[in-house]
Every structure is written in C-alpha cells, then in structure tokens.
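Architecture at a glance
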Amino acid sequence: MVQMQNIVVAEPYRFVPPHRGGFWPWLFGKLLVRRKLRDFGVEQVEFKGLERLRASFAAGHGVMLTPNHCRPCDPFVILALLALLALLASEGRNAYSMASWHLFKQSWMQTWFLRKAGVFSIYREGLDRESLRLAFELLAEARRPLVIPSCIRP
C-alpha cells in the first residue's frame, strides 16, 4: 500500500531549522542506509569522481551536492556516498539537507527525524529568505556538505 503525503498545507509557512549536532546523522546513517537501499531494491551503488570531492573536503571548501532526486531512495544514496567518503578519509562526514516544507508537516515523528538528520525546510512556493540565508551560511562554514535535491518531474 502506497502512503500518500499531504503536499498542500493549509497553514502559514514557518521555517524549520536543522539540528546542528553530528550524533543523530551518524547514527541514522549507520542504522538506515543499507537497509533502506535494500528496501528500495538498490543492490549496488557506484560512485565516480570521489577524488575530486575528497580534495574539496580536504581543502576546506564548501561543498554542495545537487542530486536530481528522481527516486525516493536518493537521500539514502547520498548517505551511502558520505559514509564511503568517511571510510576513505577516516573521519565522519554528515550533511545538511534542504527539503520541502510539506515533509515537515506529515507527522511529529517525521519532523523530529528530519531535523535530527540535519534537514531544514524550504518554502518552494515563494521566497524563503531564511532558508536561503542558512544555505549560504552553511556553505561558507564548510563544515558539512549541503544537499539541495532538485525535483525534476517528467
């Protein structure tokens, strides 16, 4: 059975900031990545160009990842990429992610999970200065990559 999401929310938009700690994203990555990829039918993942990404991290550059998010498993593929980079560099690497505000309005548990995972909201139907300000700030800090999925619809 497919669970439907409420995409139209009949209340004013309020920015939802991310939790800035690293423990929860690390734990979620350890517990969920392989299982969720299997649940989505992903048997193998291959990444190319890792040396360039690692060089950017090593140089202290702000890194923005922009997957096209054509499948629901895409966030878990990004987590698998970051886990692999952490293994190669012997250091933890979590990400901040931007997500549509309606995802935070599904349930209190989903909102808690998203925030703890380092996800923050964006209002796609209008100008969201607070979300954009935070995105620029996070890129300038260069502590974690910023994931901005682009939802391409056919």
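Criteria and cut-off values
- Residues numbered from 1 in each chain as written.
- Predicted model: local features only at pLDDT ≥ 70, side-chain atom pairs only at ≥ 80, totals over all residues.
- Heavy atoms only, no water.
- Salt bridge = Lys/Arg side-chain N within 4 Å of Asp/Glu carboxyl O.
- Helix = DSSP H or I, 4+ residues; strand = E, 2+ residues; numbered from the N terminus.
- Buried < 20%, exposed > 50% of the residue type's maximum accessible area, 1.4 Å probe, protein only.
- Phe/Tyr/Trp six-rings, centres within 6.5 Å; stacked < 30°, edge-to-face > 60°.
- Lys NZ or Arg CZ within 6 Å of the ring centre and 35° of its normal.
- Pairing = 2+ DSSP bridges.

This brings us to the pattern of salt bridges. Counting across every chain of the model gives five salt bridges. For Glu-137, the salt bridge goes to Arg-20, with nearest N and O atoms at 2.9 Å. You can see Glu-137 sitting in helix 5 (residues 129-141) and its partner Arg-20 sitting in the segment before helix 1 (23-39), a full 117 residues away along the chain. In this structure, Arg-143 engages Glu-141 in a salt bridge whose closest nitrogen and oxygen atoms are separated by 3.6 Å. Glu-141 gets classed as partly exposed once you look at its relative accessible area, which sits at 29%.

This model, assessed by the stated rule, comprises ten aromatic pairs. Seen from their ring centres, Trp-24 and Trp-112 are 5.1 Å apart, and the 75 degrees between their planes marks the pair as edge-to-face. Pair noted here: Trp-24 is in helix 1 and Trp-112 is in helix 4 (residues 108-116), with a separation of 88 residues, a long-range link. Judged by its relative accessible area of 37%, Trp-112 falls in the partly exposed class. Summarising the aromatic geometry, the rings of Phe-28 and Phe-113 are spaced 4.4 Å apart at their centres and angled 35 degrees between planes, so their arrangement reads as tilted. With Phe-28 in helix 1 and Phe-113 in helix 4, this pair connects stretches of sequence that are 85 residues apart. Looking at Phe-113, the relative accessible area reads 28%, which means it is partly exposed. Every member of this aromatic cluster is reached through a ring pair, and the members are Phe-23, Trp-24, Trp-26, Phe-28, Trp-112 and Phe-113. The lysine or arginine in question, Arg-144, covers the ring of Tyr-96, its NZ or CZ lying 4.3 Å from the ring centre.

Moving on to the sheet that holds strand 1 (residues 64-65). Ordered by their spatial adjacency, four strands build an open sheet running 1-4-2-3, and the pairing between neighbours is parallel. In the strand order of this sheet, the two ends are held by strand 1 and strand 3 (119-122), each with one partner. Relative to strand 4 (residues 146-147), strand 1 runs parallel, the two being bridged by two bridges. Within the sheet, the bridge partner assigned to Met-64 lies in strand 4 and is Leu-146.

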